[in-house]
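# Coordinate analysis (summary)
Here are the chains, one letter per residue:
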Amino acid sequence: MGNAEQMRRYSKDIGIEIAVNSAINESDRMNLFDDTDIFTSVNPRKEVFDVPDAELMLFEGFFSKKESDIYYDVLLKQTKWKEADLTIYDKTHIIPRMVSWYEDKTNPGADPDGQDWIPELLAIKARVEAETEVKFNSVLLNLYRDGKDGVGWHSDRTDNFGSNQIIASVSFGETRPFRLRHKTMKDVPLVEIPLTHGTLLLMAGTTQTHWEHHIPKTAKNILPRINLTFRQVKRTFDL
Ligand SMILES: O=C(O)CCC(=O)C(=O)O
């Protein structure tokens, strides 16, 4: 079974419609996630971004091509994806992507709707923890079904995550540009990072306080992308 057919089946399994571009033939499609030579290197390519008020570090090829293909397939098929909504000024909007939330049940005040960790997610978490020497207790999975899915400018909430949190972002599937802009220093250039299959991006220090990020939509006919943001959730309670 070719990738296009697999993709159609997975999309049917998880109840989403994925546009199939008839102009892309089967062999091109099978090589879609092979179009980079980063996987030929033994060690991931590491890049530290020299920008004010942020600590940003990228590991391209953090997961090998083989690992990335397996995790992509498993997460696409086995995740209980759901639509989420966002209320702004009393108006509720469906957000253009699907999500799934996992959190340690032992975390005080843990979201009761959190899914149960699956072995593959625990394995990804362990690799990220070994690299960062940080323990994460939760992860948000985002599924961008096609170019119509994206995420608008925002920074990750710091109220129940604690300040100066570290966020470890892992991407599988279609490469999408991840854009960052400084919230107040308008002369600081926009940063654009293509998040390729198997990439790990670390955002630490005051990144969330001073910067916003987004994934733009695109009219291009593209395949799905899965993003995982590992977090350290510390919930606060009114006693
Ligand atoms: O998909 C991404 O790389 C970013 C996801 C994101 O911004 C978020 O989960 O808050």
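Thresholds applied
Residues numbered from 1 in each chain as written. Predicted model: local features only at pLDDT ≥ 70, side-chain atom pairs only at ≥ 80, totals over all residues. Helix = DSSP H or I, 4+ residues; strand = E, 2+ residues; numbered from the N terminus. Buried ≥ 20, exposed ≤ 12 C-beta atoms within 10 Å, placed from the backbone. Contact = placed C-beta atoms within 7 Å. Near = placed C-beta within 6 Å. Nonpolar A, V, L, I, M, F, W, Y, C, P; charged D, E, K, R; others polar. Expected span 1.5 Å × (residues − 1). Arc of directions from axis to C-beta. Core = buried A, V, L, I, M, F, W, Y, C linked by C-beta atoms within 7 Å. Pairing = 2+ DSSP bridges. Axes fitted to C-alpha atoms, helices over the stretch in contact; angles between N-to-C directions.

## Thoughts on the overall build of the protein chain
Looking only at helices and strands, one finds five helices and twelve strands in the protein chain. Burial status across the protein chain gives 30% buried among its 239 residues. Of all intrachain contacts in the protein chain linking residues separated by at least 6 positions in sequence, the fraction that spans at least 24 positions is 74%.

## Comments concerning the site of the ligand
Lining the immediate environment of the ligand, one finds L140, N142, V151, D156, S169, F178, L195, H213, I215, N227 and T229. Residue assignment for the shell around the ligand shows that the elements contributing at least two residues are strand 5 (138–144), strand 11 (211–215) and strand 12 (225–231). The residue makeup of the shell around the ligand, split by class, is five nonpolar, five polar and one charged.

## With respect to unusual backbone geometry
A positive phi angle, close to 65°, is found at D53, a residue other than glycine. Structurally, D53 is set in the loop between strand 1 (45–49) and strand 2 (55–60). D53 sits in the partly exposed class, given 15 other C-beta atoms within 10 Å. Positive phi outside glycine occurs at E133, with the angle close to 60°. For E133, the location among the structural elements is in the loop between helix 4 (119–132) and strand 5. E133 sits in the exposed class, given 6 other C-beta atoms within 10 Å.

## Quick look at helix 4
Helix length check: helix 4 (14 residues) gives 20 Å between terminal C-alpha atoms against 20 Å at 1.5 Å per residue, within 8%. Inspection of helix 4 places L121, I124, K125 and V128 among the buried residues, and these make up the whole buried set. Down the axis of helix 4, the buried set is contained in an arc of 100°. They therefore lie on one face. Exposed residues pointing more than 90 degrees away from the buried face of helix 4 are listed as P119, L122, A126 and A130. Looking at the packing, one finds that the buried side of helix 4 touches helix 3 (65–78), strand 4 (91–103), strand 5, strand 7 (167–173), strand 10 (199–204) and strand 12.

## Looking at the nonpolar core
With 37 residues, the main nonpolar core has A168, L200 and I226 as its most contacted residues. When neighbours within four sequence positions are excluded, A168 is seen to be in contact with V128, T132, F136, L200, L202 and F230.

## Focus: helix 3
Across its 14 residues, helix 3 extends 20 Å between first and last C-alpha, which sits within 8% of the 20 Å expected from 1.5 Å per residue. Listed as buried for helix 3 are S68, Y71, Y72, L75 and L76. With its buried residues spanning 125° around the axis, helix 3 presents them on a single face. Facing away from the buried side of helix 3 by more than 90 degrees, the exposed set consists of K66 and K77.

## Description of the environment of V139
With respect to the secondary-structure elements, V139 resides in strand 5. Given 24 C-beta atoms within a 10 Å radius, V139 is considered buried. Between the C-alpha atoms of V139 and V233, which are 94 residues apart in sequence, the distance is 9.3 Å. The contact partners of V139, leaving out residues within four places of it in the chain, are Y102, L121, K125, L228, T229, F230 and R231.

## Focus: the pairing of strand 5
The element strand 5 is extensively covered by neighbouring structure, given that six of its seven residues are classed as buried. In the sheet, strand 5 pairs with strand 12 via seven bridges, with the strands oriented antiparallel. From the neighbouring strand, Y144 faces strand 12, where its bridge partner is R225.

## Here we look at the sheet that holds strand 8 (residues 176–182)
Working definition: the strands of a sheet are paired by backbone hydrogen bonds and lie parallel or antiparallel to each other. The four strands are arranged 6-11-8-9 in an open sheet whose pairing can be described as antiparallel. The outermost strands of the open sheet, each flanked by one partner alone, are strand 6 (151–154) and strand 9 (191–195). Strand-to-strand, the axes of this sheet are offset by a mean angle of 15°, without reference to chain direction. Looking at chain direction, strand 8 and strand 11 are connected through four bridges and run antiparallel. By the bridge assignment for strand 11, R179 is matched with H214.

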